[in-house]
Amino acid sequence: RSKVWTDVCRASYGQIWDYRYAESLSCSIQYDGGGRIFYEVPGQSDKYVNMSLKEAENAIVEEFSMYDEWLDKYEYLIELGKSLTDFPESSKIDDNLIKGCQSRVWLDYKIEDGRIVFNADSDAIITKGIISLLIGLYSGRTPQEILSSDFSVVEKIGLKENLSPTRANGLVSMIAKIREIAAKG
């Protein structure tokens, strides 16, 4: 990262979003020529780790509110999916497969210092974005934080009602699996 690039990211980020998130942002800004600016965050799963769960939920709602059309929101989800860390083929086992999803979604985790760290993958691009959004929000949290969440962020951004019925069922299954893991935690 060059200092100039960091300053450009912070300046652009501050103009589009609340500046308080800029300190943890490492990004590349892309202008599409049509008046829209997109950003890419490497390692999406650790983007919200220094925020409280409530702050992270508010940040997600704010990010999704930037887009007026659901097609743009789907594109954003697809970009989130691309930011997932590599998921080893050796972890693509039945125990990590989330049941109830039309697409195959694998969710693995480990406990580090009392916090659950998730890793995931999917064979479908939108589903991969959805699981990326969820683990970005809940990875690095304590089991108690996860269990105390009502997962209302999916309603606040309009995700569930803008998915096909099979994808909406998959979303419910993903949330159930994250809660199940936290309950074991």
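Residues numbered from 1 in each chain as written. Predicted model: local features only at pLDDT ≥ 70, side-chain atom pairs only at ≥ 80, totals over all residues. Heavy atoms only, no water.

1. A closer look at the pairing of strand S3 (residues 105-112)
Point 1. With 8 bridges joining them, S3 and strand S4 (residues 115-122) adopt antiparallel strand pairing. Pairing of Asp-108 across the sheet is with Asn-119, part of S4. (Pairing = 2+ DSSP bridges. Helix = DSSP H or I, 4+ residues; strand = E, 2+ residues; numbered from the N terminus.)

2. Topic: the confidence of the model for the protein chain
For any part of a model where pLDDT is low, the fine detail of the predicted coordinates should not be relied upon.
Point 1. On average, residues of the protein chain score 79 in pLDDT, and 74% of them reach the 70 mark or higher.
Point 2. Here helix H1 (residues 3-16) stands out as the least confident element of the protein chain, with mean pLDDT 35; helix H5 (residues 143-148) is the most confident, with 97.
Point 3. Here residues 1-45 is a poorly scored stretch, pLDDT under 50, and it has 61 contacts once near neighbours within four places are set aside; other chains count. (pLDDT = per-residue confidence, 0-100. Contact = heavy atoms within 4.5 Å.)

3. Digging into the packing of helix H3 (residues 70-82) against helix H4 (residues 125-138)
Point 1. Interaxial distance between H3 and H4 falls to 7 Å at its minimum, and their mutual angle equals 75 degrees. With respect to each other, H3 and H4 are oriented roughly perpendicular. Here H3 contributes Tyr-74, Leu-77, Ile-78, Leu-80 and Gly-81 to the contact with H4, which in turn contributes Ile-125, Ile-126, Lys-128, Gly-129, Ile-130, Ser-132 and Leu-133.
Point 2. Its residues placed into classes, the contact of H3 with H4 shows 8 nonpolar, 3 polar and 1 charged. (Axes fitted to C-alpha atoms, helices over the stretch in contact; angles between N-to-C directions. Parallel < 35°, antiparallel > 145°, perpendicular 65-115°, else oblique. Nonpolar A, V, L, I, M, F, W, Y, C, P; charged D, E, K, R; others polar.)

4. Considerations on the nonpolar core
Point 1. If you look at the biggest cluster of nonpolar residues, it comprises 42 residues, and the most contacted ones within it are Leu-107, Phe-118, Ile-130, Ile-131, Leu-134, Tyr-138 and Leu-159.
Point 2. Looking at this core, the elements with two or more residues in it are helix H2 (53-65), H3, S3, S4, H4, helix H6 (153-156) and helix H7 (165-184).
Point 3. Here the element with the most residues in this core is H4; it accounts for 8 residues.
Point 4. When residues no more than four places from it in sequence are discounted, the contact partners of Leu-134 are Val-154, Leu-171, Met-174, Ile-175 and Ile-178. (Core = buried A, V, L, I, M, F, W, Y, C linked by side-chain atoms within 4.5 Å. Buried < 20%, exposed > 50% of the residue type's maximum accessible area, 1.4 Å probe, protein only.)

5. Re the packing of aromatic side chains
Point 1. Evaluation of the coordinates by the stated rule reveals 4 aromatic pairs.
Point 2. Each ring, one from Phe-64 and one from Tyr-76, has its centre 5.2 Å from the other, and the planes form 80 degrees; the classification is edge-to-face. In this pair, Phe-64 sits in helix H2 while Tyr-76 sits in helix H3, placing the two residues 12 residues apart along the sequence. Assigned by exposure class, Phe-64 and Tyr-76 land together as buried.
Point 3. An aromatic cluster of three or more residues is present, and its members are Phe-64, Tyr-67 and Tyr-76.
Point 4. Taking NZ or CZ as reference, Lys-92 lies 5.0 Å from the ring centre of Trp-106, over its face. (Phe/Tyr/Trp six-rings, centres within 6.5 Å; stacked < 30°, edge-to-face > 60°. Lys NZ or Arg CZ within 6 Å of the ring centre and 35° of its normal.)

6. A few points about the pattern of salt bridges
Point 1. Evaluation of the coordinates by the stated rule reveals 9 salt bridges.
Point 2. Between Lys-92 and Asp-121 there is a salt bridge whose closest N-O contact spans 3.0 Å. Here Lys-92, found in the loop between H3 and S3, pairs with Asp-121, found in strand S4; they are 29 residues apart in sequence, far enough to count as distant.
Point 3. According to the relative accessible area criterion, Asp-121 is buried, its value standing at 9%.
Point 4. When the shortest N-O distance is used, the salt bridge between Arg-115 and Glu-145 registers 3.4 Å. Within this pair, whereas Arg-115 is found in strand S4, its partner Glu-145 is found in helix H5, the two being separated by 30 residues in sequence.
Point 5. Classification of Arg-115 by relative accessible area gives partly exposed; the value is 37%.
Point 6. Residue Glu-145 is classed as partly exposed on the basis of its relative accessible area of 24%.
Point 7. Put simply, Glu-89, Lys-92, Asp-121 and Lys-128 are held in one network by salt bridges that share partners. (Salt bridge = Lys/Arg side-chain N within 4 Å of Asp/Glu carboxyl O.)

7. Things to note about empty space enclosed by the protein
Point 1. Applying the stated rule across the entire model yields 3 cavities of 30 Å³ or more.
Point 2. Space inside the second largest cavity adds up to approximately 50 Å³.
Point 3. In this structure, the second largest cavity is lined by Cys-101, Gln-102, Ser-103, Thr-127, Ile-130, Thr-166, Arg-167, Gly-170, Leu-171 and Met-174.
Point 4. Breaking the lining of the second largest cavity down by element, the ones donating at least two residues are H4 and H7.
Point 5. Ranked by the residues each element gives to the lining of the second largest cavity, the list is headed by H7, at 5 residues.
Point 6. In terms of residue class, the lining of the second largest cavity is made up of 4 nonpolar, 5 polar and 1 charged. (1 Å grid on protein atoms, 1.4 Å probe; cavity = no way out; pocket = protein on both sides within 12 Å on 5 of 7 lines; lining within 4 Å. Points joined across faces, edges and corners; volume = space filled by probe spheres on them.)

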